[in-house]
Amino acid sequence: METAQSQEQAAPAAFTAFARFVLCGGGVGITSSFAVAALASWIPWALANALITVVSTLLATELHARFTFGAGGRATWRQHAQSAGSAAAAYAVTCVAMLVLHQMVAAPGAVLEQVVYLSASALAGVARFTVLRLVVFTRNRAQAAPTVRTARPVHATVAAPTAAPAGPAVLGYAA
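1. A short note on the nonpolar core
Residues A17, F21, A65, F69, A75, F129, L132, V136 and F137 constitute the largest nonpolar core, which totals nine residues. If you list the elements that add at least two residues to this core, you get α2 (14-39) and α5 (110-136). When residues of this core are assigned to their parent elements, the largest contribution, three residues, is made by α5. Counting eight residues, the second largest nonpolar core, distinct from the first, contains M98, L101, V116 and Y117.

2. Examining helix α4 (residues 77-104)
Along an α-helix, residues three or four positions apart point the same way, because every turn accommodates 3.6 residues. In this model, α4 (28 residues) spans 40 Å end to end at C-alpha, consistent with the 40 Å of a helix rising 1.5 Å per residue. Those residues of α4 not exposed but buried are Q79, H80, S83, S86, A87, A90, T94, C95, A97, M98 and L101. Buried positions along α4 lie against α3 (45-68) and α5.

3. Quick word on α2
Between its terminal C-alpha atoms α2 stretches 35 Å, which fits the 38 Å expected from 26 residues at 1.5 Å a residue. At G26, α2 shows its maximal kink, close to 25 degrees. Here α2 has its buried residues at A17, F21, C24, V28, S32, S33 and V36. Buried residues along α2 sit in contact with α3 and α5.

4. Quick look at a nonpolar patch on the surface
On the surface, F18, V22 and V126 cluster together into a nonpolar patch covering about 230 Å² of accessible area. Here V22 lies in helix α2.

5. Side note on the side chain of S56
Looking at where S56 falls in the secondary structure, it is placed in helix α3. One polar contact links the side chain of S56 to the main-chain carbonyl oxygen of T53, over a distance of 3.2 Å.

6. Concerning the confidence of the model for the chain
Of the residues in the chain, 71% reach a pLDDT of 70 or more, and the chain-wide mean stands at 76. Within the model, the stretch residues 1-8 combines pLDDT values under 50 with five contacts to residues more than four positions away or in other chains. Considering only residues more than four positions removed or in separate chains, one finds that residues 170-175, a stretch of pLDDT under 50, has one contact.

7. Digging into the layout of surface pockets
Empty space among the atoms becomes visible once a probe the size of a water molecule is rolled across them. What the largest pocket holds in volume is close to 560 Å³. As for the largest pocket, its lining consists of 27 residues, and the residues nearest its centre are G25, G29, S121, G125 and R128. For the lining of the largest pocket, the secondary-structure elements that each account for two or more residues are α2, α3, α4 and α5. By residue number, the principal contributor to the lining of the largest pocket is α2, which donates nine residues. Of the residues in the lining of the largest pocket, the class split is 14 nonpolar, 12 polar and one charged.

8. Topic: the packing of α2 against α3
Angle between the axes and distance between the axes: these two values describe a pair of packed helices. Here α2 crosses α3 at 155 degrees, and the two axes come no closer than 9 Å. Looking at the two axes, α2 sits roughly antiparallel to α3. Considering only the axes of α2 and α3, their crossing is right-handed. Contacts between α2 and α3 involve A17, R20, F21, C24, G25, V28, S32, A35, V36 and L39 from the first element and W45, A48, N49, L51, I52, S56, L59, A60, L63, H64, F67 and T68 from the second. Residues that form the contact of α2 with α3 fall into these classes: 15 nonpolar, six polar and one charged.

9. Brief notes about the environment of A110
With respect to the helices and strands, A110 occurs in helix α5. With 73 residues separating them along the chain, A110 and A37 place their C-alpha atoms 8.1 Å apart.

10. Considerations on the packing of aromatic side chains
Using the criterion set out here, one finds six aromatic pairs in the structure. Among the aromatic side chains, those forming a connected cluster through ring pairs are F18, F21, F69, F129 and F137.

What counts, and at which threshold
Every chain is numbered on its own, with residues counted from 1 as its sequence reads. Local features in this predicted model are restricted to residues of pLDDT 70 or higher, and side-chain atom pairs are both shown and tallied only at a pLDDT of 80 or more, whereas totals for entire chains, interfaces and linings draw on every residue. To obtain the side-chain values, all non-hydrogen atoms of the structure were included, while hydrogens and water were left out. The nonpolar core is taken to be a set of buried Ala, Val, Leu, Ile, Met, Phe, Trp, Tyr and Cys residues, with the residues joined through side-chain atoms within 4.5 Å. Here the term buried applies to any residue with accessible area under 20% of the maximum for its type, exposed to any over 50%, and partly exposed to those in between, with areas from a 1.4 Å probe on protein chains only. By the criteria applied, helices consist of DSSP H or I runs no shorter than four residues and strands consist of E runs no shorter than two, each listed in order from the N terminus. Helix span is expected to be 1.5 Å times the residue number reduced by one. Throughout, a contact is declared for two residues whenever any of their heavy atoms are within 4.5 Å. Fitting axes to the seven residues that end at a residue and to the seven that start at it, the angle between those axes gives the bend at that residue. Like charges within 9 Å and nonpolar side chains (Val, Leu, Ile, Met, Phe, Trp, Tyr) within 5 Å are joined into patches, using only residues over 30% in relative accessible area that form no salt bridge. In short, Shrake-Rupley with a 1.4 Å probe defines the accessible areas, and a residue's cover is counted only from the protein chains shown. By definition here, a salt bridge exists when the distance from a side-chain nitrogen of Lys or Arg to a carboxyl oxygen of Asp or Glu is within 4 Å. Pairing of N or O atoms within 3.5 Å defines a polar contact, subject to two protein rules: one partner must be a possible hydrogen donor and the other a possible acceptor, and residues neighboring in sequence count only if both atoms are side-chain atoms. Known as pLDDT, the predictor's per-residue confidence is scaled from 0 to 100. Detection works on a 1 Å grid of protein atoms alone, calling trapped sets that fit a 1.4 Å probe cavities and calling open sets with protein on both sides within 12 Å along at least five of seven lines pockets, with lining residues defined by an atom within 4 Å of a point. Grid points are joined across faces, edges and corners, and a volume is the space filled by probe spheres set on the points. Just so you know the grouping, Ala, Val, Leu, Ile, Met, Phe, Trp, Tyr, Cys and Pro go in nonpolar, Asp, Glu, Lys and Arg go in charged, and all remaining residues, Gly too, go in polar. Angles run from 0 to 180 degrees between N-to-C directions of axes, and those axes are lines fitted to C-alpha atoms, restricted for helices to the stretch in contact. Throughout this description, any angle smaller than 35 degrees is read as roughly parallel, any larger than 145 degrees as roughly antiparallel, any in the 65 to 115 degree range as roughly perpendicular, and the remainder as oblique. Crossing handedness is defined as follows: a turn of the near helix away from the far one that is anticlockwise and smaller than a right angle gives a left-handed crossing, while the clockwise case is right-handed. Stacked, tilted and edge-to-face are the three classes assigned to paired rings of Phe, Tyr and Trp, where Trp is represented by its six-membered ring and a pair needs centres within 6.5 Å; plane angles under 30 degrees give stacked, over 60 edge-to-face, the rest tilted.

If you want it as structure tokens, here you go:
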């Protein structure tokens, strides 16, 4: 019979998980930034960002479940929903950053837009890593902790108080 601990893969250390997060999430993020820029030439930027955010979040959540956080399999619906919540916050951060850019610069070039978008995405990415690691892909530590089982139940007996203190022979027997 396998224990809960041996059934799960070991969770990677924080540094390892962050490196994997940067590789998987960063790769998806950079690809997404080019996709947003391309799609924004046909539809409004906010809509392009929303569509690409949905697709990239689904892809990144699967990658994070399989590789980044050591879940060892596909992401569950709960993990996708929680990841979507953190992605919605990241979407808001990138939209605000781009809105501020367009308020400050009348006609920003594509390079400046990419720098602002990727900077906002990186900032939101650090926050997402924290949420994904501590909330979405966390392990239930109570279930993962090994349980100690005994072959037979242990019963404790309580002696009734006596009027006279017990002698050394009785104490030696009790010990």
